[in-house]
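Geometric and topological summary
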Amino acid sequence: MRKEKLYWGIAAILALSSCTTHYMVSGVSRTRLLVDKTYDRPLPEEVTTFMSPYKGKVDELMSPVLGKTPTPLVSGRPESPLSNLLSDILVWSGKLYGEKPDFGVYNIGGIRASLAQGDITIGDVFDVAPFENKVCFLTLSGEKVLELMGQIAYRGGEGVSREVRLVITKDNKLVRATIGGKEIDPKASFRVATIDYLSGGNDRMTAFKSCTDLRLITTDDALTRELIMKYIKERTAAGQLVEGAADGRIIVEE
């Protein structure tokens, strides 16, 4: 159902972009809307007829298969297969821009869908990463990295790359943090791969606001969904499946 809504949404945009109008936006307001089975009822025939040519175009764009995953990839806290994979992809993307990150961070709140076992299509990737976030690279002092890890613990976990190991308490306090198997030296410097949204200190990861040498990749191919697709294509070309696992990067202390 999520994918159907995405397709209809894009179809609507395509339809509206083909029309001319003299209307102008006079104001913007917002409210919370409960989305439940009420909205799953069939569309009126006239709407289906109007949208059908646009739906065909959207299906054509979104249906190509990029690769396969042998297991479902879901996101969640304190760690999960999908959040771990996406963090690893941020680090992987460093080679595309001449960067060598020490670790990566991807916010779980930015992951908007899971990947089902089997084929992964372009539409699936759009479901996972619908926002216009782009990869960026920045430098944090060891002191600020420890602060960041404490903030990740406070949130009950976020996506972190395979170089990171955290131990947190049940009440979301940081017990121990290592990067690359080593204790974090407060006086050292670390290169981090993340997204532009987090580099501004959003999702309560305010340690990012103290970064230096921020390098935001501004080209369209630096969108997170574009990077995810590039990664999947590379794996597929090498005859490999797309895999992710909860492998002990963030452990909740008993």
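Keep in mind that what you see is a predicted model, and the values were worked out from it rather than measured. (Residues numbered from 1 in each chain as written. Predicted model: local features only at pLDDT ≥ 70, side-chain atom pairs only at ≥ 80, totals over all residues. Heavy atoms only, no water.)

1. Section: the packing of aromatic side chains
For the structure on display, the rule yields three aromatic pairs. Between the aromatic rings of Phe50 and Tyr54, the centroid separation amounts to 6.0 Å while the plane-to-plane angle is 50°, which identifies the pairing as tilted. Here Phe50 and its partner Tyr54 are both found in helix 2 (residues 45-62), four residues apart, which amounts to about one turn of the helix. The class of Phe50 is partly exposed, set by a relative accessible area of 46%. (Phe/Tyr/Trp six-rings, centres within 6.5 Å; stacked < 30°, edge-to-face > 60°. Helix = DSSP H or I, 4+ residues; strand = E, 2+ residues; numbered from the N terminus. Buried < 20%, exposed > 50% of the residue type's maximum accessible area, 1.4 Å probe, protein only.)

2. A few points about the nonpolar core
Residues Phe103, Leu148, Met149, Ile152 and Phe208 are the most contacted members of the largest nonpolar core, which totals 57 residues. Top element by residues in this core is helix 3 (residues 81-92). It accounts for six residues. Filtering out sequence-adjacent residues up to four positions away, Phe103 remains in contact with Val91, Val145, Leu148, Met149, Ser161, Glu163, Val164, Ile179, Phe190, Arg191, Val192 and Ala193. (Core = buried A, V, L, I, M, F, W, Y, C linked by side-chain atoms within 4.5 Å. Contact = heavy atoms within 4.5 Å.)

3. As for the sheet that holds strand 6 (residues 164-168)
Here we have four strands laid out as an open sheet, ordered 8-7-6-11, and mixed in their pairing. Lying at the two open borders of the sheet, with one neighbouring strand each, are strand 8 (182-183) and strand 11 (250-252). For strand 6 and strand 11, the ladder comprises three bridges, and the chain directions are parallel. Across the sheet, the residue bridging to Ile168 is Val252, located in strand 11. (Pairing = 2+ DSSP bridges.)

4. Description of the sheet that holds strand 10 (residues 212-216)
One open sheet holds the five strands; their spatial order is 5-2-9-4-10, and the pairing between them is mixed. For this open sheet the edge positions go to strand 5 (159-160) and strand 10, each flanked by a neighbour on one side alone. The pairing of strand 4 (residues 135-141) with strand 9 (residues 189-195) spans seven bridges and is antiparallel. Bridge pairing links Leu138 to Val192 in strand 9. Along the sheet face, helix 5 (residues 142-154) touches strand 2 (103-106), strand 4, strand 5 and strand 9 and points at about 115° away from the line of strand 4. (Axes fitted to C-alpha atoms, helices over the stretch in contact; angles between N-to-C directions.)

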